Amino acid sequence: MVNILRPASTSPVVDEQAMQAFRHQWQIYSKVVDHDYLSHQEVQAVLHQELVTDVNRPFKFLDLACGDARLTVAALQGTPVIHYHGIDLSAPALAMARHTVKSLACHAELEQEDFVSAMRSRREPADVVWIGLALHHLQTPDKGVLMREVRATVGHAGRFLIYEPVCKEGESRPAYLDRFEQINHVAWAALTRDEWAAMLAHVRAADIPETPSVWVQLGRDAGFSDVCDLFTDPTGFYTVFRFRP
């Protein structure tokens, strides 16, 4: 069973122009995922392994900025998940997620809301909270605020897992972005010139990576005493971190 939740305020109807823009952006992102340029296959395997070995008990799963939920639903297969809650601001993405989560054996809820606002007002506990390639859109202090809210949500025995951009220790954001362009312009060969330009523009406008040491410190400041990295993609641009109380 899938429940669709929406914010109390009226949501604007997605007009055709907005829908076309979403389809274009999603087509590019889907091509990146299909070619595994962001190591989604490896991340899916890492998340699945964590859920079946480290958690290893019935759990409620909160998926922040879930998108179409493709990665997380695949990772949840064969795990003792008892409830799935996906949150995303995009109505078209949630429409796709609605079909994706039907393969889960547990009850699923999808909520149309900005994940920052959703966490600010959240009172329901969750055993595992996941966010992938979305937390980095926040400034460093705002990342810390959200991580403290997640810490309150997972209690004393839960888990918080993230897959987010990392820069080298001492590397500035401009240097990170230049390195990203230099390496991935060649590596992401399946993208057309226009698709690469659109992806690069998004990265330069929205990506705010942190060094591994900052990610660790943010977690500890939020109340997670056990912080470790579980996986870094071969290019060194993205890392899975696990935070435990």
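Residues numbered from 1 in each chain as written. Predicted model: local features only at pLDDT ≥ 70, side-chain atom pairs only at ≥ 80, totals over all residues. Heavy atoms only, no water.

## Overview of the overall build of the protein
The line we're drawing: What counts as a helix is a DSSP run of H or I of at least four residues, what counts as a strand is a run of E of at least two, and both are numbered from the N terminus. For the radius of gyration, the atom set is restricted to C-alpha positions; the globular benchmark scales as 2.2 Å times the number of residues to the power 0.38. Here the term buried applies to any residue with accessible area under 20% of the maximum for its type, exposed to any over 50%, and partly exposed to those in between, with areas from a 1.4 Å probe on protein chains only. None of His or the chain ends enter the tally, which takes Lys and Arg as positive and Asp and Glu as negative. By convention, the point assigned to a charge is CZ for Arg, NZ for Lys, CD for Glu and CG for Asp.
The secondary structure content of the protein amounts to 9 helices and 8 strands. The C-alpha atoms of the protein give 17 Å as radius of gyration, which agrees with the globular expectation for 245 residues (18 Å, within 12%). With respect to the three principal axes, the spread of C-alpha positions in the protein is 45 × 45 × 35 Å. Looking at the 245 residues of the protein, the share that counts as buried comes to 50%. Averaged over its 23 positive side-chain charges, the protein has a centre that lies 3 Å from the centre of its 31 negative ones.

## Focus on the packing of helix α6 (residues 140-154) against helix α9 (residues 212-221)
The condition that has to hold: Axis lines are fitted through C-alpha atoms, for helices just across the contact stretch, and the angle between N-to-C directions can take any value from 0 to 180 degrees. Our angle categories are set so that under 35 degrees counts as roughly parallel, over 145 as roughly antiparallel, 65 to 115 as roughly perpendicular, and the remainder as oblique. Each crossing gets its hand from how the near helix is turned against the far one by less than a right angle, where anticlockwise is left-handed and clockwise is right-handed. Only heavy atoms matter for contacts: two residues are in contact if any of them lie within 4.5 Å across the pair. Three categories are distinguished: nonpolar for Ala, Val, Leu, Ile, Met, Phe, Trp, Tyr, Cys and Pro, charged for Asp, Glu, Lys and Arg, and polar for the others, with Gly belonging to the last.
Where α6 contacts α9, the two axes come as close as 8 Å, and the packing angle between them is 45°. Looking at the two axes, α6 sits oblique to α9. Between α6 and α9 the crossing geometry is right-handed. In this structure, α6 contributes Thr140, Lys143, Gly144, Met147 and Arg148 to the contact, and α9 contributes Val214, Trp215, Leu218, Gly219 and Asp221. A breakdown of the residues in the contact of α6 with α9 according to their chemical character gives 4 nonpolar, 3 polar and 3 charged.

## Some words on the sheet that holds strand β2 (residues 59-64)
Here is the rule: In short, DSSP must find at least two bridges between two strands for them to pair.
Strand order in the open sheet formed by 8 strands is β1-β4-β3-β2-β5-β6-β8-β7, and the pairing between neighbours is mixed. Whereas interior strands pair on both sides, the edge strands pair on one side only; in this sheet they are β1 (2-5) and β7 (226-232). Averaged over all pairs of adjacent strands, the angle between strand axes in this sheet comes to 15°, irrespective of strand direction. Sheet topology places β2 next to strand β5 (residues 128-132); 4 bridges connect them, and they run parallel. Its bridge partner lying in β5, Asp63 is registered against Trp130.

## Quick look at the side chain of Asp68
The condition that has to hold: Pairs of N or O atoms are called polar contacts if they sit within 3.5 Å, as long as, within protein, a hydrogen donor faces a hydrogen acceptor (for residues adjacent in sequence, only side-chain-to-side-chain pairs).
For Asp68, the location among the structural elements is in the loop between β2 and α3 (70-76). Looking at Asp68, its side chain comes within polar contact range of the main-chain nitrogen of Arg70, at 3.1 Å. Contact partners of Asp68, with chain neighbours within four places excluded, come to Trp26, Ala93, Met96, Ala97 and Thr100.

## Structural notes on unusual backbone geometry
Residues other than glycine seldom take positive phi values, yet Ala65 does so here, at roughly 55°. Among the secondary structure elements, Ala65 is positioned in the loop between β2 and α3. Positive phi, close to 65°, is recorded for Ala69, a residue that is not glycine. You can see Ala69 is positioned in the loop between β2 and α3. You can call Ala69 buried: its relative accessible area is 1%.

## Some thoughts on the pattern of salt bridges
Oppositely charged side chains may form a pair once their charged atoms are brought near each other. What counts is decided by this rule: In what follows, salt bridge is the name for a side-chain nitrogen of Lys or Arg lying within 4 Å of a carboxyl oxygen of Asp or Glu.
Summed over all chains, the structure comprises 14 salt bridges. When the shortest N-O distance is used, the salt bridge between Arg159 and Asp54 registers 2.5 Å. Of this pair, Arg159 sits in strand β6 (residues 159-165) while Asp54 sits in helix α2 (residues 40-55), and the two are 105 residues apart along the sequence. In this structure, the salt-bridge partner of Arg204 is Glu181, at a minimum N-O distance of 2.8 Å. One end of the pair, Arg204, is in helix α8 (residues 193-206); the other, Glu181, is in helix α7 (residues 173-187), and 23 residues separate them in sequence. For Glu181, a relative accessible area of 28% corresponds to the partly exposed category. Residues joined by salt bridges that share partners form a network here, namely Glu50, Asp54, Arg159, Asp226, Arg242 and Arg244.

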